[in-house]
Amino acid sequence: MLPATPRLPEPIRARFAGASPQIVEFLELWNRSRHGALVPLRRELDPFQAPRLLRHVWLYQYLPDRDDFVCKLAGENVNEAWGGRLKGQMLSDVVGPAHRDAAIRRWRGVIETPCILYGAIGPERQDADGRPIAERLVLPLATAIDIVDHTIGISLYSVSQTDRDLIRPVWDDMLRIPCAEFQAFDSPDPPDAA
């Protein structure tokens, strides 16, 4: 078994130079949880290892028969930003009919490729402290080695997501990194000593 990677590989970390520390911390937790696999198993990624981030974390499961994602977990800041409790809601209901197809297609890409997505709305739009008004990191999770069917992520919002004139639910200019790029930096176990 491959050892857990303690930190993000530097070439990947560099691509997150402008991201909030919370985004990088959650990405590192996801990366450590892979244990050398392409995508971490859901049971291996414990968001409680980053308790201060829990209010920003969400988890969705893909339902192929509905071609939609159902919310399994949403932190208090995520619920507040979207105007209500998300657990049990379908992604298509959260983002609305105008954005449904784009949102489902994008998240299916996260689990089918698999890859990670990161986006921020800024720097042209910032809050009073000079931070982007919203950041989102979307990561794939697997139920079993060959079943990648969850997205987990962290969203940092300083404004409500219900104001569709200010923030569209499906953002442009997302950084997309295939999970294979993470795996390329994993090092194999050292040979057993004789």
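Please read all numbers here as calculations on a predicted model, not as lab measurements.

A. Structural view of the pattern of salt bridges. Scanning all chains against the criterion turns up 7 salt bridges. When the shortest N-O distance is used, the salt bridge between E25 and R52 registers 2.5 Å. Of this pair, E25 sits in helix 2 (residues 21-33) while R52 is found in the loop between helix 2 and strand 1 (57-63), placing the two residues 27 residues apart along the sequence. Assessed through its relative accessible area of 47%, R52 is described here as partly exposed. The closest approach of N and O atoms between R108 and D67, which form a salt bridge, is 2.9 Å. One end of the pair, R108, is in helix 5 (residues 100-112); the other, D67, is in the loop between strand 1 and strand 2 (68-74), and 41 residues separate them in sequence. Look at R108 and you get partly exposed, because its relative accessible area is 23%.

B. Region of interest: the nonpolar core. Residues F16, F26, L27, W30, I116 and L137 are the most contacted members of the largest nonpolar core, which totals 29 residues. Among the secondary structure elements, those contributing two or more residues to this core are helix 2, strand 1, strand 3 (115-126), strand 4 (132-144), strand 5 (147-157) and helix 6 (179-183). Tallying contributions element by element places helix 2 first for this core, with 6 residues. Once you skip the residues sitting within four places of it in the chain, W30 turns out to touch L38, P40, L45, I116, L139, P140, L141, C179 and F182. Counting 26 residues, the second-largest nonpolar core is a separate cluster that includes W82, W107, L117 and I121.

C. Up close: the pairing of strand 5. Most of strand 5 sits inside the fold, with 9 of its 11 residues counted as buried. Here 5 bridges tie strand 1 to strand 5, and the two strands are oriented antiparallel to one another. Note that in strand 5 the partner of Q61 across the bridge is H150.

D. Up close: a positive patch on the surface. Among the surface-exposed residues, R42, K72, R85 and K87 lie close enough to one another that they form a single positively charged patch. Counting through the fold element by element, R42 comes out in the loop between helix 2 and strand 1.

E. Fine view of unusual backbone geometry. Omega for the bond connecting T113 with P114 falls within 30 degrees of zero, at -25°, which places this linkage in the cis form. A positive phi angle, near 50°, is found at H35, a position not held by glycine. Looking at the secondary structure, you find H35 in the loop between helix 2 and strand 1. The class of H35 is partly exposed, set by a relative accessible area of 27%.

F. Structural context of the side chain of E135. With respect to the helices, strands and loops of the structure, E135 is situated in strand 4. A distance of 2.4 Å separates polar atoms of two side chains, one belonging to E135 and the other to Y118.

G. Spatial organisation of the environment of G88. Relative to the assigned elements, G88 resides in the loop between helix 3 (76-82) and helix 4 (91-95). G88 sits 15 residues away from L73 along the chain, and the two C-alpha atoms are 8.2 Å apart.

H. Spotlight on the packing of aromatic side chains. Going through the model one piece at a time under the given rule, you end up with 8 aromatic pairs. A centroid spacing of 5.1 Å and a plane angle of 75° characterise the contact between W30 and F182, whose relative ring orientation is edge-to-face. A residue pair is termed long-range when its members are at least 10 positions apart, and W30 in helix 2 and F182 in helix 6 qualify at 152 residues. With respect to burial, W30 and F182 carry one shared label: buried. With centroids separated by 5.0 Å and ring planes inclined at 5°, the aromatic side chains of W58 and W107 adopt a geometry described as stacked. With a gap of 49 residues between them, W58 in strand 1 and W107 in helix 5 connect regions that are remote in the sequence. Judged by its relative accessible area of 10%, W107 falls in the buried class. Members of the aromatic cluster, connected to one another through ring pairs, are W58, Y60, Y62, F69 and W107.

Calculation notes
- Numbering of residues starts from 1 in every chain and runs along the sequence as written.
- Only residues with pLDDT of 70 or above have their local features reported here, since the model is predicted, and side-chain atom pairs are shown and tallied only from 80 upward, although totals for entire chains, interfaces and linings are computed over all residues.
- Hydrogens and water molecules were not included; the side-chain quantities draw on all heavy atoms of the structure.
- The salt bridge criterion pairs a side-chain nitrogen of Lys or Arg with a carboxyl oxygen of Asp or Glu, the two atoms within 4 Å.
- Working definition: helices are DSSP H or I runs of at least four residues, strands are E runs of at least two. Numbering for both runs from the N terminus.
- For every residue, the accessible area (1.4 Å probe, protein chains only) is compared with the maximum for its type, and the residue is labelled buried under 20%, exposed over 50%, or partly exposed between those bounds.
- Residues grouped as a nonpolar core are buried Ala, Val, Leu, Ile, Met, Phe, Trp, Tyr and Cys residues, joined through side-chain atoms within 4.5 Å.
- When checking whether two residues touch, look at their non-hydrogen atoms; a contact exists if any pair is within 4.5 Å.
- Strand pairing is defined by DSSP finding a minimum of two bridges between the two strands.
- For patch building, the residue pool is restricted to those with more than 30% relative accessible area and no salt bridge; the joining distance is 9 Å between like charges and 5 Å between nonpolar side chains (Val, Leu, Ile, Met, Phe, Trp, Tyr).
- Only the protein chains shown count as covering a residue, and every accessible area follows the Shrake-Rupley method with a 1.4 Å probe.
- For the charge count, each Lys or Arg is scored as positive and each Asp or Glu as negative, with His and the chain ends excluded.
- A single reference atom marks each charge: NZ on Lys, CZ on Arg, CG on Asp, CD on Glu.
- Two N or O atoms form a polar contact when they lie within 3.5 Å of each other; inside protein one atom must be a possible hydrogen donor and the other a possible acceptor, and for residues adjacent in sequence the pair counts only when both atoms belong to side chains.
- Each Phe, Tyr or Trp ring, with Trp reduced to its six-membered ring, pairs with another whose centre is within 6.5 Å; inter-plane angles below 30 degrees give stacked pairs, above 60 give edge-to-face pairs, and intermediate values give tilted ones.

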